[in-house]
2 protein chains.
Amino acid sequence: MVTTRDISYEADGRTMIGMLAVPDGDGRRPGILVCHEGPGLDDREQMMARIGEFRADPLRARAVGLAGLDVLCAEPRTDRDKLAAIGYCFGGTLSLELARGGADLKAAVGFHAGLGTTRPEDARAITGKVLALIGADDPIVPHEQRRAFEEEMTAGGVDWQLVVYGGAVHSFTNERAANIDLPGIEYHEPTDRRSWQAMLDLFAEVFE
Amino acid sequence: MVTTRDISYEADGRTMIGMLAVPDGDGRRPGILVCHEGPGLDDREQMMARIGEFRADPLRARAVGLAGLDVLCAEPRTDRDKLAAIGYCFGGTLSLELARGGADLKAAVGFHAGLGTTRPEDARAITGKVLALIGADDPIVPHEQRRAFEEEMTAGGVDWQLVVYGGAVHSFTNERAANIDLPGIEYHEPTDRRSWQAMLDLFAEVFE
């Protein structure tokens with residue numbers, strides 16, 4: 001059984017509401033920071049503007065991520081030596097930015113994450129393993145962006161993997177993607193399942 | 001326990017020696033055709049010439065693969081409804097060519113496989129799922145070749161995945177790659193392990 005509760009904290013001048021999920025038992029467990037998709041904000045224009053602000057200022061994005069990571073680390077059940085960040089869409093970008101910022105993560109995983117950054121030189125600070133899971137036809141993460149990411153990770157000496165999924169576009173993990181009603185945003189069951197397995201494989205490697 | 005024995009058959013005007021490996025028990029099991037690396041031939045010039053011949057003539061390559069697949073299918077323990085082909089280096093190319101030739105494979109997996117073909121239009125004939133596992137710095141499978149492969153698979157409507165492994169070059173699965181003593185050919189333990197797991201994940205999907 002897993003117990004969940006809301007948890008609030010301050011970051012970037014506002015109150016954030018996270019959800020903490022803890023398995024039964026007493027022992028410490030790996031702490032996984034899960035960064036949600038952009039549509040956590042309901043208003044699309046507000047969302048795009050906010051994402052734009054953070055993409056232009058990775059240090060600000062990293063500070064938000066670190067605030068969440070600090071909250072997770074403060075939990076008594078969290079094993080601080082076994083941290084990872086995963087995220088979806090802009091949340092995936094956030095998990096990668098956390099890694100670029102030198103956060104002590106064993107793994108950073110981005111599902112249909114924007115892979116670009118204005119600070120590619122910071123890849124040298126990445127200490128954990130990086131896994132990017134991208135739809136081949138994702139218009140938001142086009143081929144050129146994947147290629148720049150490969151070059152960035154290689155130049156930074158990172159232990160990285162990129163999986164490209166045929167037939168998938170953006171938001172392939174989001175069963176409600178159709179509600180967003182935009183081209184290039186669509187749920188894709190096989191890719192949802194396979195990318196989750198790829199993440200579990202990496203967790204098995206770094207946590208066991 | 002697994003029992004192995006050599007098995008010989010005729011193909012392409014010569015006698016081929018394959019190795020059959022069968023698990024204990026009586027029931028039928030999935031049949032996996034394993035296509036070896038180019039250096040199955042000891043003489044390098046002869047090897048490169050032979051590979052060149054087959055790359056120029058995919059139909060001839062497919063005929064060789066099909067001959068092996070027929071031998072596998074003739075075995076009483078083989079479940080003919082659960083076939084896959086995997087291969088390494090040129091053997092990976094062969095497994096992909098088998099798929100392009102319309103062989104009844106549930107999966108075709110290429111480890112550091114040459115991804116190019118002179119008959120990309122045949123991708124439409126692929127019935128199974130395709131998985132390509134490539135080192136990011138493989139000089140034999142450069143970025144442009146990966147991109148052409150993505151386009152070929154997408155145009156063919158294939159269920160495909162491509163995993164790119166940072167830090168890996170060609171022959172990352174071959175513990176004796178150093179003996180080959182060529183630049184861009186090197187064993188890479190994490191990628192060997194991860195690519196094997198990726199193949200097992202696909203087998204779990206198509207065979208269970």
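The structure reproduced in this document is the subject of the present report.

About the cut-offs
Residues numbered from 1 in each chain as written. Chains lettered and ligands numbered in written order. Predicted model: local features only at pLDDT ≥ 70, side-chain atom pairs only at ≥ 80, totals over all residues. Heavy atoms only, no water. Axes fitted to C-alpha atoms, helices over the stretch in contact; angles between N-to-C directions. Helix = DSSP H or I, 4+ residues; strand = E, 2+ residues; numbered from the N terminus. Parallel < 35°, antiparallel > 145°, perpendicular 65-115°, else oblique. Left-handed = near helix turned anticlockwise from the far one by under 90°. Contact = heavy atoms within 4.5 Å. Nonpolar A, V, L, I, M, F, W, Y, C, P; charged D, E, K, R; others polar. Buried area = accessible area lost by both parts, 1.4 Å probe. Salt bridge = Lys/Arg side-chain N within 4 Å of Asp/Glu carboxyl O. Least-squares fit on C-alpha atoms with pLDDT ≥ 70 in both. Buried < 20%, exposed > 50% of the residue type's maximum accessible area, 1.4 Å probe, protein only.

Packed helices, taken two at a time, are described by the angle their axes make and the gap between the axes. With their axes 11 Å apart at the nearest point, helix H5 (residues 189-207) of chain A and helix H6 (residues 189-207) of chain B run at an angle of 140° to one another. The angle between H5 of chain A and H6 of chain B places the two elements in the oblique class. Considering the relative orientation of H5 of chain A and H6 of chain B, their crossing is right-handed. Packed against H5 of chain A, whose contacting residues are Arg193, Arg194, Gln197, Asp201 and Glu205 of chain A, the element H6 of chain B presents Arg193, Arg194, Gln197, Asp201 and Glu205 of chain B at the interface. The residue makeup of the contact of H5 of chain A with H6 of chain B, split by class, is no nonpolar, two polar and eight charged.

Next up on the list: unusual backbone geometry. All names here are of chain A. Positive phi is not limited to glycine here, since Cys89 has a value of about 55°. With respect to the element layout, Cys89 can be found in the loop between strand S4 (78-88) and helix H3 (90-100). Its identity as a non-glycine residue notwithstanding, His112 has a phi of 35°, on the positive side. By the element assignment, His112 lies in the loop between strand S5 (107-111) and strand S6 (129-135).

This part takes up the packing of helix H1 (residues 44-56) of chain A against helix H2 (residues 58-74) of chain A. All names here are of chain A. One way to put it is that H1 packs onto H2 with a least axis distance of 5 Å and a crossing angle of 105°. By the criterion of interaxial angle, the relationship of H1 to H2 is roughly perpendicular. Side by side, H1 and H2 meet where Glu53, Phe54, Arg55 and Ala56 of the first sit next to Pro58, Arg60, Ala61 and Val64 of the second. Split into classes, the residues belonging to the contact of H1 with H2 amount to five nonpolar, no polar and three charged.

With 23 residues of chain B at the contact, the number on the chain A side is 23 residues. Of the roughly 1,900 Å² buried between chain B and chain A, counting both surfaces, carbon and sulfur atoms make up 39%. Sorting the residues of chain B by area buried against chain A places His143, Trp160 and Arg194 of chain B first, and these three jointly supply 27% of that buried surface. In this structure, the connection of chain B to chain A is made through ten salt bridges.

Let us look at the relation of the copies chain B and chain A. In this structure, two copies of a chain are linked by a rotation about an axis accompanied by a shift along it. Between chain B and chain A, the superposition needs a rotation of 180° and an axial shift of 0.0 Å, giving an RMSD of 0.0 Å. Overall, the copies show the geometry of a two-fold rotation axis. Relative to the rotation axis, the C-alpha of Val163 of chain B is the closest in chain B, positioned 2.2 Å from it. Both copies share a contact surface, since 100% of the interface residues of chain B are interface residues in chain A too.

A word on the environment of Gly13 of chain A. Residues and elements named next belong to chain A. Summarising the element assignment, Gly13 is placed in the loop between strand S1 (2-11) and strand S2 (14-23). Since its relative accessible area comes to 83%, Gly13 is described here as exposed. Separated by 182 residues in the primary sequence, Gly13 and Ser195 place their C-alpha atoms 34 Å from one another.

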